[in-house]
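One letter stands for each residue in the lines below.
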Protein chains: 2
Amino acid sequence: MTERPDRSPLTSPRSERVRKVAALAGRSARRKQGRFRIEGPQSVRSLLTHRPELTREVFLTERAAGAHAELVDLANRAGVPVQLVDEQILRALVRETAAAGPAGDGTAEASGALVSPQGVVAVGALPSEDPASAVAALAALAPAKAATVVVLHEVRDPGNVGALVRTADAAGADLVLLTRTCADPYSPKAVRAAAGSLFHLPVHTGAEIQDVLAQLAACSITAAATSGYADSELFSVELPTRIAWILGNEAHGLDRDTLGAAPLAVRIPLAGHAESLNVHTAATVCLFETLRQRQAGA
Amino acid sequence: MTERPDRSPLTSPRSERVRKVAALAGRSARRKQGRFRIEGPQSVRSLLTHRPELTREVFLTERAAGAHAELVDLANRAGVPVQLVDEQILRALVRETAAAGPAGDGTAEASGALVSPQGVVAVGALPSEDPASAVAALAALAPAKAATVVVLHEVRDPGNVGALVRTADAAGADLVLLTRTCADPYSPKAVRAAAGSLFHLPVHTGAEIQDVLAQLAACSITAAATSGYADSELFSVELPTRIAWILGNEAHGLDRDTLGAAPLAVRIPLAGHAESLNVHTAATVCLFETLRQRQAGA
């Protein structure tokens, strides 16, 4: 993972180096290479600003280098090699191959291939998946101060995982923890949906839900879940100042054991005939209500 | 559009009737046929419950008919023909063809082809696009009573349009209006994302933004927009009881003219480093804050 990048110019879209970046759409290739791919000026700017130490290489078209001179500056300051490539090579870097399918998140990725990286692609070092780091990050939060944690459990769609990271960031969450069965936040689709927020706030993967719940209790952070059957309504409850929203699977919500283990369950009022909210919408309502109450109380 | 459906059994996935349903992924085919496609038990149940008069035909696999006997009952009661088809034909009904691309919403549709309709597909009569109906629907709202309207202007992604209809419904909106330049809410991807809400509340397409703004003013409904530059913060403002949230394009937000014409502009507080929220997230925050204030005031 610390091998020095090859700085020779990229001239063929079929070269080994190009194919290795394209292969990062697949989870197994990300693990094997210990790298992940970041696309588009907003995400790459965020990476270079907040996590320059993760950045291994930046690829830009000449046009993008002109339009986003600050990216070249940021990369230079971080000592990150910048490669100017032509449009054809840039497209090849983000080409989603059929091989990405069986690797685990291929089908959900397919749509993402149509999003243009606007001439900017970066490769970063893949943060390791470490169950202990999630628990340690909780323990490291300042005690007795307000805290908002977001725990994703069995959220399977990479687009949802990315969007949840972005919304958690916007609502001022301190930490996002993903259990082992979630989609990989470092898949290109998740990275795109996170729109740079993946590099703003600490995101830990590979956690075990039981360990997270135990550590939350030990840290006096109230685990909160949404349920259509809960007695308390979100807007009528005074939310604890140290809170962790536990968000579940897109189709099935939280499993019964996890829901039962959360000390706080709230119902989001549904005024129309809609049967439910999707996980990202529910999270948005809960996280911004948490922010509203915090602001009102401050 | 009132021709009687062919009730003979469907035996070939390559038959003309199957191909016509598959073609409804494209906007031009929807207009030419005057029909649209609804997939999955939840959406079809909502269609048959709330808009049975729109339903032309329901296709079910034997397994789905067993698992969702209520759909067969609802269809029978509405006098809608039900066709039992095998799995292969059902898949062919929702197969997205390359031809859907140039029709206008093909690329954004592509990902949707991977979502399973769970053995249930229906065909409905396409509601006409009528700029006058949007304005008339506003005028028909009870005067001097609380009202929440959602106006989508230049929202281009069918998945976003569907999700916005679902969230508007869940938050108790009375009406959703789409301007002419929005994605078609009757594309399969939008219908799926709306999860049945498209049939719960009135949705009008083809509106002109100027006409909508003029009619809102005439009806004493305050047009409200979000802006990162607004002085007022959403959570500090007492929202008017008659309000229309005007939501803009995914990439550019609202154009300057429309933003300038909205009497109320609010800023959604962003606590993290996130630069912005996507349009659906912003709408969720605004609509549920509207609902919260309404409940608190009631």
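Conventions and cut-offs
Residues numbered from 1 in each chain as written. Chains lettered and ligands numbered in written order. Predicted model: local features only at pLDDT ≥ 70, side-chain atom pairs only at ≥ 80, totals over all residues. Heavy atoms only, no water. Buried < 20%, exposed > 50% of the residue type's maximum accessible area, 1.4 Å probe, protein only. Helix = DSSP H or I, 4+ residues; strand = E, 2+ residues; numbered from the N terminus. Right-handed = clockwise from strand over helix to strand, strands pointing away. Domains from an automatic or database assignment. Contact = heavy atoms within 4.5 Å. Buried area = accessible area lost by both parts, 1.4 Å probe. Polar contact = N/O pair within 3.5 Å; in protein donor to acceptor, adjacent residues only side chain to side chain. Core = buried A, V, L, I, M, F, W, Y, C linked by side-chain atoms within 4.5 Å. Pairing = 2+ DSSP bridges. Axes fitted to C-alpha atoms, helices over the stretch in contact; angles between N-to-C directions. Salt bridge = Lys/Arg side-chain N within 4 Å of Asp/Glu carboxyl O.

Peer 1: Would you mind going over the pairing of strand β6 (residues 175–179) of chain B in detail, with residue names and values included?
Peer 2: Residue and element names in this part refer to chain B. With respect to burial, β6 is a largely interior element, 5 of its 5 residues being buried. Where burial is concerned, the two faces of β6 agree: the one with Leu175, Leu177 and Thr179 and the one with Val176 and Leu178 are both buried. Each parallel crossover has a hand, and the one from strand β5 (residues 147–152) via helix α9 (residues 158–170) to β6 is right-handed.

Peer 1: Describe the domain arrangement of chain A, with residues and values.
Peer 2: How big an interface is tends to be reported as the loss of accessible area on association of its parts. All names here are of chain A. When the domains of chain A are assigned, the result is domain 1 (16–125) and domain 2 (131–297). Spacing between the C-alpha centres of domain 1 and domain 2 amounts to 28 Å. Between domain 1 and domain 2, the contact holds 22 residues from the first and 15 residues from the second. For the pair domain 1 and domain 2, the two sides together bury roughly 1500 Å², of which 55% comes from carbon and sulfur.

Peer 1: An account of the side chain of A:Thr148 is needed here, citing residue identities and associated values.
Peer 2: All names here are of chain A. Turning to its location among the elements, threonine 148 is positioned in strand β5 (residues 147–152). Judged by its relative accessible area of 3%, threonine 148 is buried. One polar contact links threonine 148 to arginine 294, side chain to side chain, over a distance of 2.8 Å. Each residue touching threonine 148, except ones within four places of it in the same chain, is listed here: Ala173, Asp174, Leu175, Ile243, Leu287, Thr290 and Arg294.

Peer 1: Explain the nonpolar core residue by residue, including any values.
Peer 2: One recurring pattern in soluble globular proteins is that nonpolar side chains are buried together. Counting residues in hydrophobic clusters, the biggest one holds 120 residues, and the most contacted among them are A:Leu152 and B:Leu152. Here B:Leu152 is in contact with B:Val161, B:Leu164, B:Val176, B:Leu177, B:Leu178, B:Thr179, B:Cys182 and B:Leu247, once residues within four sequence places are set aside.

Peer 1: For the sheet that holds strand β1 (residues 35–39) of chain A, give the residues involved together with the corresponding values.
Peer 2: Residue and element names in this part refer to chain A. Spatially, the 4 strands line up as an open sheet ordered β1-β4-β2-β3, and their pairing is mixed. Each end of this open sheet is capped by a strand with a single partner; those strands are β1 and β3 (82–84). Ignoring strand direction, the axes of neighbouring strands in this sheet form an average angle of 20°. Where β1 lies against strand β4 (residues 120–125), 5 bridges are found, and the strand directions are antiparallel. Among the inter-strand pairings, arginine 37 is bridged to a residue of β4, identified as valine 123. In the packing of helix α5 (residues 69–77) onto the sheet, contacts are made with β2 (55–60), β3 and β4, and the angle to β2 comes to roughly 155°.

Peer 1: Could you give an account of the pattern of salt bridges, with specific residues and numbers?
Peer 2: All names here are of chain A. Per the counting criterion, the structure on display carries 28 salt bridges over all chains. Its salt-bridge partner being arginine 30, residue aspartate 184 comes within 3.0 Å of it at the nearest N-O pair. Placement of aspartate 184 in the loop between β6 (175–179) and α10 (188–194) and of arginine 30 in helix α2 (residues 27–33) is noted, with a sequence separation of 154 residues between them. Assessed through its relative accessible area of 9%, aspartate 184 is described here as buried. Given the relative accessible area of 0%, arginine 30 is considered buried. Of the charged contacts, one joins glutamate 129 and arginine 31 as a salt bridge, the two residues approaching to 3.5 Å between their closest N and O atoms. Here glutamate 129, found in the loop between β4 and α8 (131–139), pairs with arginine 31, found in helix α2; they are 98 residues apart in sequence, far enough to count as distant. Within this structure, Arg27, Arg30, Arg31, Glu129 and Asp184 form a network of salt bridges that share partners.

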